[in-house]
Amino acid sequence: MRRWTVSAALLLLICLSLLPDQGPKLHANAEESDESEGVVDPPKVEEKIGAVPGGLSTDSDVAKREAESISKRSLRSSAEKFEFQAEVSRLMDIIINSLYSNKDIFLRELISNASDALDKIRFLALTDKEVLGEGDNTKLEILIKLDKENKILSIRDRGIGMTKEDLIKNLGTIAKSGTSSFLEKMQTGGDLNLIGQFGVGFYSVYLVADYVEVISKHNDDKQYVWESKADGSFAVSEDVWNEPLGRGTEIRLHLRDEAQEYLDEFKLKELVRKYSEFINFPIRLWASKELDVEVPADEEESSEEETSETSSSEDEETEDEDAEKKPKTKTVKETTYEWEVLNDMKAVWLRNPKEVTDEEYTKFYHSIAKDFSDEKPLAWSHFTAEGDVEFKAVLFVPPKAPHDLYESYYNTKKSNLKLYVRRVFISDEFDELLPKYLNFLMGLVDSDTLPLNVSREMLQQHSSLKTIKKKLIRKALDMIRKIAEEDPDEFSDKDKKDVEKTDENDEKKGQYAKFWNEFGKSIKLGIVEDATNRNRLAKLLRFESTKSDGKLASLDQYISRMKPGQKDIFYITGTSKEQLEKSPFLERLTKKNYEVIYFTDPVDEYLMQYLMDYEDKKFQNVSKEGLKLGKDTKIKSLKESFKELTNWWKDTLASENVDSVKISDRLDKTPCVVVTSKYGWSANMERIMQSQTLSDANKQAYMRGKRVLEINPRHPIIKVLQERVAKDPQDESVKETAKLMYQTALMESGFILQDPKDFASRIYGTVKGSMNISPDVEVEEEEVEVEEEPEAEQKEESSPEIEEEAEDQASLKDEL
């Protein structure tokens, strides 16, 4: 029995080995495979009557034949059937279900493929002009047409076309080694980098279509039709029923029910202008257009007009008699169709910058920025970068900042810089190409070598990104610097004499001040965020100062005006220039002719924490410790003579968190000020942090600098106070005066009082003393009269129902 079983098994194995190999590509005739599908036979070939040579014919008979051929959306019975390569089937499933996040890109991919086909035939025509053929075949263009009735979107090019073998190979297989293992990695979360390896973009058509036809004609082959329903198989057959293309490819998408929006002309125009505006070849849409047409009026309408005219005046009758001599007409709306060019904007960045005029740059800026005003951009930079990553770019500085530029500064991903690959728009959400502080710049980057992933929605190689970003930043900063260099208002008085007065200079006058008022905060944020370019950005910094006469000045101009021996760049922060001009911290500095920078923007506090020096000059906040105004030989003797007062004052302010009391070198007319430690928060910074919605009081206490009271030894109040302390250190009135002076100095120095009630009480006490009012006098008590509550004399009005019920009860009581 066991021998019989073994023999049977061996026989079965031998039979199986003799069977023919059934590979992934299955050739089948329609009679064998499609009898159950009820496939309709292709229509008969008819004479080409009234056809349009362009291929996308508008002839009604041709349209009818096309509709009949695809009415059941089944693969033709006469076609040769194939199955997709296994990897393609898996890839299509991934594309349709998860790969592309935006369905709109299918049109971008098809137009991009059509452009590549046109590029190929144009390249071949350079050496052999006969490949273009004659007539319409010489027109290198892309044609888009809608068939709303049959829900078909057609895209046609007059490119190189595909042979039968090309259709099978390019649209049915992936001729690339390692694709299977790559797909395995991709399904487990690996990176995608397929663009350039094969035409994977074509499969995005199944995002919107459930049946696709590709009609193609190559010069070396007959016209063939490739068709598929994305069900794992496709068919290729010789095309004997559609109009001859002459040369090129036409793709017909039979749109899904949920993709009917792509039958809208406005939608297609919007997509083409967004993604493919700068394609080298004209893209035309068979668009409808309504015109007012004069047509003969109907007899009934003319008779009605005649009856109504009988009631008019004699003058009108004479006019009507003249009008009756002419035939009666009326105006009606008539819909016509014509080819409309959708990409009339030329790719300026592909031209030599020397050949592009200012007007062309301005027009191009308005196009990409969707700016419909007449204002010119403040500046632009057009350049080509070569090296590891080659790209062309055009950058613009807009004339105005958008109203929400800083509202969502750290949250938005959208950039004003558009990324193109071979003139095809990819995305404007690459925040890696430019840092956030330069996101106000408009422009685009176009690269032929930039690596993209399969969905073209993410860049892959970070080394390429870093290279592009580095070059873009350098060019952007040079462009902004050039605005300042060409602005006559930026020149010093000495330089102005050498500058000739021209119309161009008048046009550029005040341009940098305009730029600074719009985008100055971005430059400051760049100093905070970009350590590599901090020095370059610092050269672009502008401010007002005690010597700028209300105009903007640069750090270079400040250094040129520094006093001999001055080592520090002095600045002060506050809420406004008017407030800072009256600050006690500037008294001695202005008296000694030192220049002090005004910083009034809240971001300036963060800026100066990162901008520590410039051209070997240190920055010094004049409201903090460490201010040195040259050598003062008297300061040591003053410290010794006022030592008793400073020690006493520090002990008196022990509860006020005062670190020390010192003799000041910065005061002239003010008796005292409060300064903070060199590395702590300034008064302005404390106020900014306290106003934050989610501020943490514990962290604020940690970062708050130690407060130091500096006194002016030359002020009479300080001298009298020194004498009184020497007489009686325990005098309470002297202590109250010292505390009041500290609180007053605290306010004048820009700090917020922790206990305003205590300060107010001391002020009122001082006022009492100046008016010779005893501090023990109490406020008169108010006599409060006790009001008697009136008795409730008024009774609530009774309703008729209540009164009737009361009467009934009274009568019942009488009866009892």
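Residues numbered from 1 in each chain as written. Predicted model: local features only at pLDDT ≥ 70, side-chain atom pairs only at ≥ 80, totals over all residues. Heavy atoms only, no water.

**Points about the overall build of the protein chain**
The secondary structure content of the protein chain amounts to 28 helices and 22 strands. Here the protein chain, with 816 residues, has 45% of them falling under the buried criterion. (Helix = DSSP H or I, 4+ residues; strand = E, 2+ residues; numbered from the N terminus. Buried < 20%, exposed > 50% of the residue type's maximum accessible area, 1.4 Å probe, protein only.)

**Some details on the sheet that holds strand 19 (residues 617–621)**
Taken in spatial order, the five strands make up an open sheet running 15-17-16-19-18, and their pairing is mixed. Every other strand in the sheet has two partners, leaving strand 15 (544–545) and strand 18 (613–614) as the edge strands with one partner each. Two strands pair when backbone bridges link them, and strand 18 and strand 19 are joined in this way by two bridges, in the antiparallel orientation. Pairing of Y614 across the sheet is with K617, part of strand 19. (Pairing = 2+ DSSP bridges.)

**Some words on the sheet that holds strand 12 (residues 417–421)**
Across the sheet, which stays open at both edges, the five strands sit in the order 10-11-14-12-13 with mixed pairing between neighbours. Both edges of this open sheet fall to strand 10 (379–385) and strand 13 (424–427), since each of them pairs with a single strand only. Within this sheet the neighbouring strands show an average axis-to-axis angle of 20°, counted without direction. The pairing of strand 12 with strand 14 (residues 442–447) spans five bridges and is classified as parallel. (Axes fitted to C-alpha atoms, helices over the stretch in contact; angles between N-to-C directions.)

**Quick word on the environment of D220**
Relative to the elements of secondary structure, D220 occurs in the loop between strand 4 (209–217) and strand 5 (223–228). Residues D220 and M162, spaced 58 residues apart in sequence, show a C-alpha to C-alpha distance of 8.9 Å.

**Regarding the packing of aromatic side chains**
Taken as a whole, this structure holds 19 aromatic pairs when the rule is applied. Between W226 and F234, the ring centres sit 5.6 Å apart and the planes meet at 25°, which makes this aromatic pair stacked. F234 sits in the buried class, given a relative accessible area of 2%. For the pair F440 and F515, a centre-to-centre distance of 6.1 Å together with 55° between the ring planes defines the contact as tilted. Here F440 is found in the loop between strand 13 and strand 14, whereas its partner F515 is found in helix 15 (residues 511–529), with 75 residues between them in sequence. Across the pair, exposure class does not vary: F440 and F515 are buried alike. An aromatic cluster of at least three residues, connected via ring pairs, comprises W349, Y361, F364, Y365, W380, F396 and Y420. (Phe/Tyr/Trp six-rings, centres within 6.5 Å; stacked < 30°, edge-to-face > 60°.)

**Quick look at the confidence of the model for the protein chain**
With 70% of its residues at a pLDDT of 70 or more, the protein chain shows a mean pLDDT of 76. Taken element by element, the protein chain is modelled with least confidence in helix 2 (residues 30–33), mean pLDDT 38, and with most confidence in strand 17 (residues 596–599), mean pLDDT 95. Note on residues 190–199: pLDDT is under 50 here. Beyond four places in sequence and across chains, it has 26 contacts. Across residues 302–307 the pLDDT falls below 50, and counting only partners more than four positions away or on other chains, this stretch makes two contacts in the model. (pLDDT = per-residue confidence, 0-100. Contact = heavy atoms within 4.5 Å.)

**Description of the pattern of salt bridges**
Under the defined criterion, the tally for this structure stands at 29 salt bridges. Between E485 and R481 there is a salt bridge, with its nearest N and O atoms 2.4 Å apart. With E485 and R481 both in helix 12 (residues 462–485), this residue pair falls four residues apart, about one helical turn. What makes E485 partly exposed here is its relative accessible area of 43%. Its relative accessible area of 34% is what places R481 among the partly exposed residues. Sharing partners across several salt bridges, the network here consists of D104, E261 and K267. (Salt bridge = Lys/Arg side-chain N within 4 Å of Asp/Glu carboxyl O.)

**Regarding the packing of helix 20 (residues 603–610) against helix 23 (residues 683–690)**
Contact pair helix 20 / helix 23: the axes reach a minimum separation of 9 Å and the direction vectors enclose 125°. Classified by the angle their axes make, helix 20 and helix 23 are oblique. When you trace helix 20 past helix 23, the crossing you get is left-handed. Where helix 20 abuts helix 23, its residues E605, Y606 and Q609 lie against N684, M685, I688 and M689. Residues that form the contact of helix 20 with helix 23 fall into these classes: four nonpolar, two polar and one charged. (Parallel < 35°, antiparallel > 145°, perpendicular 65-115°, else oblique. Left-handed = near helix turned anticlockwise from the far one by under 90°. Nonpolar A, V, L, I, M, F, W, Y, C, P; charged D, E, K, R; others polar.)

**Topic: the nonpolar core**
By size, the foremost hydrophobic cluster in this structure holds 75 residues, and its most contacted members are V397 and L472. Considering every element that reaches this core, the biggest residue donor is helix 12, with ten residues. If sequence neighbours within four positions are ignored, L472 has contacts with F383, F391, A393, L395, L417, L433, L434 and V445. Membership of the second largest hydrophobic core comes to 70 residues, among which are V272, F278, V394 and F396. (Core = buried A, V, L, I, M, F, W, Y, C linked by side-chain atoms within 4.5 Å.)

**Observations regarding a positive patch on the surface**
Residues K567, K618, K628, K631 and K678 make up a contiguous surface patch of positive charge. Structurally, K628 can be placed in the loop between strand 19 and helix 21 (635–641). On the basis of relative accessible area, K628 is assigned to the exposed category, the value being 66%. (Patch = residues over 30% accessible without salt bridge, like charges linked within 9 Å, V, L, I, M, F, W, Y side chains within 5 Å. Areas by Shrake-Rupley, 256 points an atom, 1.4 Å probe, with all protein chains shown as cover. Lys, Arg positive; Asp, Glu negative; His and termini not counted. Charge placed at Lys NZ, Arg CZ, Asp CG, Glu CD.)

**Re unusual backbone geometry**
Positioned with a positive phi, D549 is a non-glycine residue whose angle comes to about 55°. Structurally, D549 can be placed in the loop between strand 15 and helix 17 (555–560). The exposed category is assigned to D549, whose relative accessible area is 72%. One non-glycine residue with positive phi stands out, namely D616, at about 65°.

**Re the pairing of strand 3 (residues 152–157)**
Counting buried positions over the six residues of strand 3 gives six, a clear majority of the element. Burial along strand 3 is two-sided: I152, S154 and R156 facing one way and L153, I155 and D157 facing the other are all buried. Strand direction decides the pairing type here: strand 2 (residues 142–147) and strand 3, joined by six bridges, are antiparallel. Paired with L143 across the two strands is R156, which belongs to strand 3. In this structure, the hairpin formed by strand 2 and strand 3 is closed by a connection of four residues, where K151 is found at a positive phi of approximately 60°. Where strand 3 meets strand 7 (residues 248–255), six bridges bridge the pair, whose relative direction is antiparallel. Of the residues in strand 7, the one forming a bridge with I155 is I251.

**Focus on a nonpolar patch on the surface**
A cluster of nonpolar side chains, namely I763, Y764, V767, M771, I773 and V777, defines an oily patch on the protein surface of about 550 Å² accessible area. Among the secondary structure elements, I763 is positioned in helix 27 (residues 756–770). In this structure I763 comes out as partly exposed when scored by relative accessible area, which is 31%.

**Brief notes about the side chain of S115**
Take S115: it is sitting in helix 5 (residues 105–125). You can call S115 buried: its relative accessible area is 4%. Apart from the residues lying within four places of it in its own chain, the contact partners of S115 are I142, I279 and F281.

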